[in-house]
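Topology and contacts: notes
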Amino acid sequence: MSGSCLGLRKACFLLSVSAAALLLLLLPRGQPPAAPRRRPPPAAGPSGPPPQRAGPGGSGVAGSRVEPGGGPGTGAGAGGRGGGLAGSPQPARKGRLGPAGGSARESLELKDIFIAVKTTRKYHRSRLDLLLQTWISQARGQTFIFTDWEDRELRLKAGDHMINTNCSAVHTRQALCCKMSVEYDKFLESGQKWFCHVDDDNYVNPRTLLRLLSAFSHSQDVYVGRPSLDHPIEAADHVQSDGSKTTVKFWFATGGAGFCISRGLALKMSPWASLGNFISTAERVRLPDDCTIGYIIEGLLEVKLLHSPLFHSHLENLQRLQGESVLQQVTLSYGDPENKHNVVSVGGVFGLQQDPTRFKSVHCLLYPDTIWCPAKKMS
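Below or above, wherever it landed, is the structure these notes cover. Starting from 1, residues in each chain are numbered consecutively following that chain's sequence as written. It should be noted that, the model being predicted, local features are given only for residues of pLDDT at least 70 and side-chain atom pairs only at 80 or more, the latter also being counted only at that level, while totals for whole chains, interfaces and linings use all residues. Heavy atoms from the whole structure form the basis of all side-chain values; hydrogens and water molecules are not counted.

1. Thoughts on the packing of aromatic side chains
Each aromatic pair joins two rings of Phe, Tyr and Trp (for Trp, the six-membered one) with centres within 6.5 Å, and gets the label stacked for planes under 30 degrees apart, edge-to-face for over 60, and tilted for any other angle. Evaluation of the coordinates by the stated rule reveals twelve aromatic pairs. Residues Phe114 and Phe146 carry aromatic rings whose centres are separated by 6.3 Å and whose planes lie at 50° to one another, so their mutual orientation is tilted. One end of the pair, Phe114, is in strand E3 (residues 113–118); the other, Phe146, is in strand E4 (residues 143–147), with 32 residues separating them in the sequence. Residue burial is assigned from relative accessible area. The probe radius is 1.4 Å, only protein chains are included, and a residue is buried under 20% of its type maximum, exposed over 50%, and partly exposed in between. Note on Phe146: relative accessible area 0%, which makes it buried. Consider the rings of Phe195 and Phe259, whose centres lie 6.4 Å apart with planes at 75°: the pair is edge-to-face. Taken as a pair, Phe195 in strand E6 (residues 194–199) and Phe259 in strand E11 (residues 259–262) lie far apart in primary sequence, 64 residues in all. Since its relative accessible area comes to 1%, Phe195 is described here as buried. Here a set of aromatic residues connected by ring pairs shows up, and it is made of Phe114, Phe144, Phe146, Phe187, Phe195, Tyr223 and Phe259. Here the guanidinium or amino end of Arg263 rests over the ring plane of Phe187, the centre of that ring lying 5.1 Å away. Strands are runs of DSSP state E lasting at least two residues, helices are runs of H or I lasting at least four, and both sets are numbered from the N terminus onward. Throughout this description, the term charge over a ring refers to an Arg CZ or Lys NZ atom that lies within 6 Å of the ring centre and within 35 degrees of the ring normal.

As structure tokens, this is what we get:
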């Protein structure tokens, strides 16, 4: 009896061992733990100069900024206001200006850009004739001249692209805002994708302008330009029932260097800017035209200005721009009569006496086949 029990125990033990071995064979083998996913490093772009930092006199400063390659970068803004808003365009390739390539959000042509040039009667001969001879000749169909006087000679040259705003010729806040209001309304009527404002002392490089804007979608909220200050400005916003005022801080792109606004953003500005509302908005906050643009976009719509070092005004030291780098900018300018030596440094085409603004020299370097350009070019 004890022998049979012992045998039964052995059989049970062997059966349990066999079942355990079979179970181990049927179970999947252990896998090593998966490595954590890592974001791929950004693709290296072509070499080039580092993005310019902020500074007084027109530099792009803290906050969102556009790199020389055309796309937006990010930085910490004053008061903790940092990079682009959610839904802002993604950065294009950084570094030296070059073709946008696959980084472009859409196919953009020069005909999609509405370029508004603000001027006044007294500058029709001394400034506009130079622009018509140089860069406007490369973007005639996209450029509209906003003035305050019906000039027959200018009308013959520009046709219906000369817009008589009937605004005052006096250089006041009200007159400037009157012209900007007309510019904005004409852009909305045009149906074009981008609104770009410049002054009559700016040279616009249509190629680099197109390259810059091709990094974005016109249906997104894009406001790109260059501040003339190294800090945001503050404006009284609303008057409370007790008579106290609330204030708002915001950046603005100086009109003297030029700026661009996407159609998607321009449409959102309409309640404060269209059909004369721009003038009343400016009067409420008592700001000039370019500051009012920044107030509406940053202060009310809370869309960040993209600071770009590619726009230039007469307020900065233009002599720092030299050689090939001059040809890679979106806008250029020149100093007023009190600072006539404040011009970009280019050589090999015209002398300073023949070309005091340097615009003719820049144009001949960009478009050497222009009929009035000399054969000698910068090496």
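2. Some thoughts on the state of the cysteines
The bond known as a disulfide is covalent and runs between the sulfur atoms of two cysteines. The criterion for a disulfide is a pair of cysteine sulfur atoms lying within 2.5 Å. As enumerated under the stated definition, the model contains three disulfides in all. Across a sulfur-sulfur distance of 1.9 Å, Cys167 and Cys178 are joined as a disulfide pair. The disulfide joining Cys167 to Cys178 has a torsion of about -75° about its S-S bond and is therefore left-handed. Of this pair, Cys167 sits in the loop between strand E5 (162–164) and helix H4 (173–190) while Cys178 sits in helix H4, placing them eleven residues apart in sequence. In this model, Cys364 is linked to Cys373 through a disulfide, with the two sulfur atoms separated by 2.0 Å. Taking the sign of the torsion about the S-S bond as the criterion, the disulfide between Cys364 and Cys373, at about -90°, is left-handed. Numbered by order of appearance in the sequence, the disulfide-linked cysteines of the protein chain pair as 1-2, 3-4, 5-6. There is no disulfide at Cys177, and the cysteine sulfur nearest it, in Cys291, is 8.9 Å away.

3. Considering helix H9 (residues 289–300)
Under the convention used throughout, the expected extent of a helix is 1.5 Å for every residue step, that is, one less than its residue count. Across its twelve residues, H9 extends 15 Å between first and last C-alpha, which sits within 8% of the 16 Å expected from 1.5 Å per residue. Listing the buried residues of H9 in full gives Asp289, Asp290, Cys291, Thr292, Ile293, Gly294, Tyr295, Ile296, Ile297, Glu298 and Gly299. Just downstream of H9 lies Glu302, where phi reads positive at about 60°.

4. Digging into the pattern of salt bridges
Should their charged atoms come close, side chains of opposite charge can pair. When a carboxyl oxygen of Asp or Glu is within 4 Å of a side-chain nitrogen of Lys or Arg, the pair counts as a salt bridge. Evaluation of the coordinates by the stated rule reveals 15 salt bridges. Arg125 serves as the salt-bridge partner of Asp129, at 3.5 Å between the closest nitrogen and oxygen. Remark: Arg125 and Asp129 occur in helix H2 (residues 124–133); sequence separation between them is four residues, near one turn of the helix. Take Asp129: its relative accessible area is 24%, and that puts it in the partly exposed class. You can call Arg125 partly exposed: its relative accessible area is 35%. Taking the shortest distance from any N to any O, the salt bridge between Arg173 and Glu283 comes out at 3.1 Å. Pair noted here: Arg173 is in helix H4 and Glu283 is in helix H8 (residues 277–285), with a separation of 110 residues, a long-range link.

5. Considering the nonpolar core
For our purposes a nonpolar core is just a set of buried Ala, Val, Leu, Ile, Met, Phe, Trp, Tyr and Cys residues, chained together by side-chain atoms within 4.5 Å. Counting 52 residues, the largest nonpolar core has Trp135, Leu209, Leu213 and Val362 as the members making the most contacts within it. Contributions of two or more residues to this core are made by E3, H2, helix H3 (152–158), E6, strand E7 (203–204), helix H5 (206–213) and helix H10 (359–366). With five residues, the single largest contributor to this core is H10. In terms of nonpolar packing, the next biggest core, distinct from the first, is built from 37 residues, Val182, Tyr184, Ala266 and Ile293 among them.

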